[in-house]
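# Survey of secondary and tertiary structure
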Amino acid sequence: MIGRGVDQLLPDPCAPTLHESYVKNANDYVDFAMRASGQILRPASLGYPWGEMREELDAVGADARIVNLETALTRSDDPWPGKAVHYRSSPENARMLTAAAVDCCTLANNHVLDWGRAGLKETVTTLDGLGVRHSGAGSDLHVAEAPAVIDLDGGAKALVFSFATASSGVRESWAATGERAGVALLEDLSERTSSRIAEQMQSHKRDGDVAIVSIHWGGNWGFEVPDRQRAFARRLIETAGVDVVHGHSSHHVKGIEVYGGRPILYGCGDFLNDYEGISGYEAFRGDLGLLYFVMLDRYDGRLTRLLMTP
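Residues numbered from 1 in each chain as written. Predicted model: local features only at pLDDT ≥ 70, side-chain atom pairs only at ≥ 80, totals over all residues. Heavy atoms only, no water.

### What about the overall build of the chain?
For the chain, the count of helices and strands is eight helices and 15 strands. Computed over its C-alpha atoms, the radius of gyration of the chain comes to 18 Å, within 12% of the 19 Å expected for a compact globule of 310 residues. The principal-axis extent of the C-alpha atoms belonging to the chain is close to 50 × 45 × 40 Å. Contacts in the chain between residues far apart in sequence, at least 24 positions, make up 68% of those at least 6 positions apart. (Helix = DSSP H or I, 4+ residues; strand = E, 2+ residues; numbered from the N terminus. Rg over C-alpha atoms; globule rule 2.2 N^0.38 Å. Contact = heavy atoms within 4.5 Å.)

This is the structure:
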């Protein structure tokens, strides 16, 4: 979540104007953080928000660096009507993604259309200009549901599919269709839906490829993992050949399951946001972020190791 307060720290921020009921200036979020943790030198470098993470990524040597990008990359000042919170980072400050060598951003979430379809278009154009792959939202349903493709050693590929559910706050009006830009919104978590995704996978995945399904689902707070999410994730592994289920929406980390030798990360939590200094949900420890290093066997895709760095 690199918009709003994070954007204001960096060299080329958007206008700080917000359309929230309580906070009208994004710099207030920077002030909250400084009151909690001390002065921040501004403008900060593009690498500053990542902290020591870049050193850790380099030490592990990840083949693919994947994030859920929960903000629009746009200077639009035309917020989606009736929405309580709108996130944006400037296209110039989006270069912070390349400062951490991010390979892929999943976009199916409840903030990518905060500034309308024009904001979505600018987001996609910005990522393309940076050479960062993306999936989960686009000019129509076909584009939104297509995987991002990351080349791996030996000719294999990582295929990153991105979807959202209404339970995460994505509106039906945001859903991509054959004629309308938007996000890849799942109708439900039924067996029919998992079968449809399985058919998509089979048309893309080849021997040796790694299939990752990134899903924005559920609310922002709470540790419960609903039975329907568990059943859906397991069906994706059983019938669609999915190797990693990458779940998110909760602002804190949630439970993990290994099923059929494949990891299901039900809620990865926030790694970056501008919530520092905001009170009310301390019991969930949303300030504790994790890097997830998922290591798979190159021949059968089974999990060999899961390293989590706080």
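### What to know about the environment of Cys14
As for its placement among the helices and strands, Cys14 is situated in the loop between helix H1 (5-9) and helix H2 (27-37). Sequence separation between Cys14 and Asn93 is 79 residues, and the spatial gap between their C-alpha atoms is 8.9 Å. Aside from chain neighbours lying at most four places away, what touches Cys14 is Asp7, Gln8, Thr74, Arg75, Arg88, Ser89 and Ser90.

### Describing unusual backbone geometry
In most cases, non-glycine residues show a negative phi, while peptide bonds are predominantly trans. Cis geometry marks the peptide bond from Arg42 to Pro43, where omega comes out at -5°. Its location among the elements puts Pro43 in the loop between H2 and helix H3 (53-60). Even without being glycine, Arg4 reaches a positive phi, approximately 55°. Relative to the assigned elements, Arg4 resides in the segment before H1. Residue Ala101 is not a glycine yet carries a positive backbone phi of 55°. Take Ala101: it is sitting in the loop between helix H4 (96-99) and strand S4 (104-106). You can call Ala101 partly exposed: its relative accessible area is 38%. (Buried < 20%, exposed > 50% of the residue type's maximum accessible area, 1.4 Å probe, protein only.)

### Here's the deal with the state of the cysteines
A disulfide bridge is the covalent bond that connects two cysteines by way of their sulfur atoms. Taken as a whole, this structure holds zero disulfides when the rule is applied. Cys104 takes part in no disulfide bond, and the closest cysteine sulfur to it belongs to Cys105, at a distance of 6.6 Å. Sulfur of Cys268: no disulfide; nearest cysteine sulfur belongs to Cys104 and is 14 Å away. (Disulfide = S-S within 2.5 Å.)

### Comments concerning the pattern of salt bridges
Summed over the entire model, instances satisfying the criterion amount to 16 salt bridges. Arg192 serves as the salt-bridge partner of Glu187, at 3.3 Å between the closest nitrogen and oxygen. Taken together, the shared-partner salt bridges connect Arg4, Glu20 and Asp274 into one network. (Salt bridge = Lys/Arg side-chain N within 4 Å of Asp/Glu carboxyl O.)

### Looking at the sheet that holds strand S13 (residues 262-265)
Strand order in the open sheet formed by six strands is S7-S8-S10-S11-S13-S12, with mixed pairing between adjacent strands. The strands lining the two open edges of the sheet, one partner per strand, are strand S7 (148-151) and strand S12 (256-259). Shown here is a sheet whose adjacent strand axes are inclined to one another by a mean of 20°, direction ignored. Looking at chain direction, strand S11 (residues 244-248) and S13 are connected through two bridges and run parallel. Looking at S13, one finds that His246 is bridged to Leu265. (Pairing = 2+ DSSP bridges. Axes fitted to C-alpha atoms, helices over the stretch in contact; angles between N-to-C directions.)

### Some remarks on the side chain of Asn93
Looking at the element boundaries, Asn93 is found in the loop between strand S3 (88-89) and H4. According to the relative accessible area criterion, Asn93 is buried, its value standing at 0%. A distance of 3.0 Å separates a polar atom in the side chain of Asn93 from the backbone nitrogen of Asp12. If near-sequence neighbours (up to four positions away) are discounted, Asn93 is found in contact with Asp7, Leu10, Pro11, Asp12, Pro13 and Leu46. (Polar contact = N/O pair within 3.5 Å; in protein donor to acceptor, adjacent residues only side chain to side chain.)

### Brief notes about the sheet that holds strand S5 (residues 133-135)
The three strands lie next to each other as S1-S4-S5, forming an open sheet whose pairing is parallel. If you trace the sheet from one side to the other, it starts and ends with strand S1 (66-68) and S5, each paired once. Going across the sheet, the axis of each strand differs from the next one's by a mean of 25°, ignoring polarity. Sheet topology places S4 next to S5; three bridges connect them, and they run parallel. Residue pairing in the sheet places Cys105 in a bridge with His134 of S5.

### With respect to the environment of Asp103
In this structure, Asp103 sits in the loop between H4 and S4. As a C-alpha pair, Asp103 and Ala64 span 39 residues in sequence and 6.1 Å in three-dimensional space.

### Observations concerning the side chain of Thr71
In this structure, Thr71 sits in the loop between S1 and strand S2 (72-73). Looking at Thr71, its side chain comes within polar contact range of the main-chain nitrogen of Arg88, at 3.3 Å. Aside from chain neighbours lying at most four places away, what touches Thr71 is Ile2, Gly3, Tyr87, Arg88, Ser89, His111 and Val112.

Functional significance is not addressed by these values, which are geometric in nature.
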